[in-house]
Amino acid sequence: LGADHPTVARADYNIAIVYVDQGDYTRAKPLLERSLDASRRSMGADNKLAAHILTALAAIARHEHRLPEAIDLSKQALAMTEKLFGPEHADLISPLTTLGDVLLDANDPRAALEPLQRAMRLQGDGGEPGARAITLFAHARASWLTNRDREQALQHVREARDLIAPLETSDE
């Protein structure tokens, strides 16, 4: 297939995400960078896989406390996803939530509210429970830190807790 084949780029991405989920960013980052380069060469500069990779790289930069880089990568992923799918597509949820999380870590909860509110609106009441819980927790944190509706923030925390409780017991 060759190193630039889209299937190879997706395989590298999938392996890297396993490493990200395990917190092994040292192994994940080079795979993501290689996958990003290959996806851009084989599928063009702006493609769905590249947007997912940028979001993953932003999450790694966030966890490594490289917040300016994480903000930049998050914004790139969001802009690319919006360009590919428009402003109301479900694929925006992950880059919006990542951007909100990064802005919270950068002590800018006011700026974090907008992407997190968009992500929640796009998720509606459905979607993957773990992803929705992450967005709810982040939005609750931003609301609390900005002295917005603290009762709603507590309600979001309770809703997120209820979403993840069955997930935690299913692993036992």
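Residues numbered from 1 in each chain as written. Predicted model: local features only at pLDDT ≥ 70, side-chain atom pairs only at ≥ 80, totals over all residues. Heavy atoms only, no water.

A.B. asks: Explain the overall build of the protein chain to me, please; I cannot follow it from the model alone.
C.D. replies: When its secondary structure is counted, the protein chain shows 8 helices and 0 strands. Ordering the α and β elements of the protein chain from the N terminus gives α-α-α-α-α-α-α-α. Its C-alpha atoms put the protein chain at 55 × 40 × 30 Å along the principal axes. Across the 172 residues in the protein chain, those meeting the buried criterion constitute 42%. Approximately 9,000 Å² of the protein chain is accessible, and the part contributed by carbon and sulfur atoms is 53%. (Helix = DSSP H or I, 4+ residues; strand = E, 2+ residues; numbered from the N terminus. Buried < 20%, exposed > 50% of the residue type's maximum accessible area, 1.4 Å probe, protein only. Areas by Shrake-Rupley, 256 points an atom, 1.4 Å probe, with all protein chains shown as cover.)

A.B. asks: Looking at this structure, I do not really get helix H2 (residues 25-43). What am I missing?
C.D. replies: Turn by turn, an α-helix covers 3.6 residues, leaving residues three or four places apart pointing in a common direction. Over its 19 residues, H2 extends 25 Å from the first C-alpha to the last, a length consistent with the 27 Å expected when each residue adds 1.5 Å. Residues of H2 that are buried include every one of Tyr25, Ala28, Leu31, Leu32, Ser35, Leu36, Ala38 and Ser39, and no others. Its buried side turned inward, H2 meets helix H1 (6-21) and helix H3 (48-63). After H2 finishes, the residue Gly44 shows a positive phi value of roughly 100 degrees. (Expected span 1.5 Å × (residues − 1). Contact = heavy atoms within 4.5 Å.)

A.B. asks: Please clarify how the packing of helix H5 (residues 93-105) against helix H6 (residues 109-123) should be interpreted in this entry.
C.D. replies: Geometrically, a packed helix pair is captured by the angle between its two axes and the distance between the axes. The N-to-C vectors of H5 and H6 enclose an angle of 155 degrees; their axes lie 8 Å apart at closest approach. Relative to H6, the element H5 lies roughly antiparallel. Between H5 and H6 the crossing geometry is left-handed. Taken together, the residues of H6 that come into contact with H5 (itself represented by Ile93, Leu96, Thr97, Leu99, Gly100, Leu103 and Leu104) are Pro109, Ala111, Ala112, Pro115, Leu116, Arg118, Ala119, Leu122 and Gln123. (Axes fitted to C-alpha atoms, helices over the stretch in contact; angles between N-to-C directions. Parallel < 35°, antiparallel > 145°, perpendicular 65-115°, else oblique. Left-handed = near helix turned anticlockwise from the far one by under 90°.)

A.B. asks: Hey, could you run me through the pattern of salt bridges in this one?
C.D. replies: Oppositely charged side chains are able to pair whenever their charged atoms sit close together. In total, this model carries 16 salt bridges according to the counting rule given. Note that Arg62 and Asp101 form a salt bridge whose closest N and O atoms lie 3.9 Å from each other. Remark: Asp101 occurs in helix H5 and Arg62 occurs in helix H3; sequence separation between them is 39 residues. Overlapping salt bridges bring together Arg62, Asp101, Asp105 and Arg141 as one network. (Salt bridge = Lys/Arg side-chain N within 4 Å of Asp/Glu carboxyl O.)

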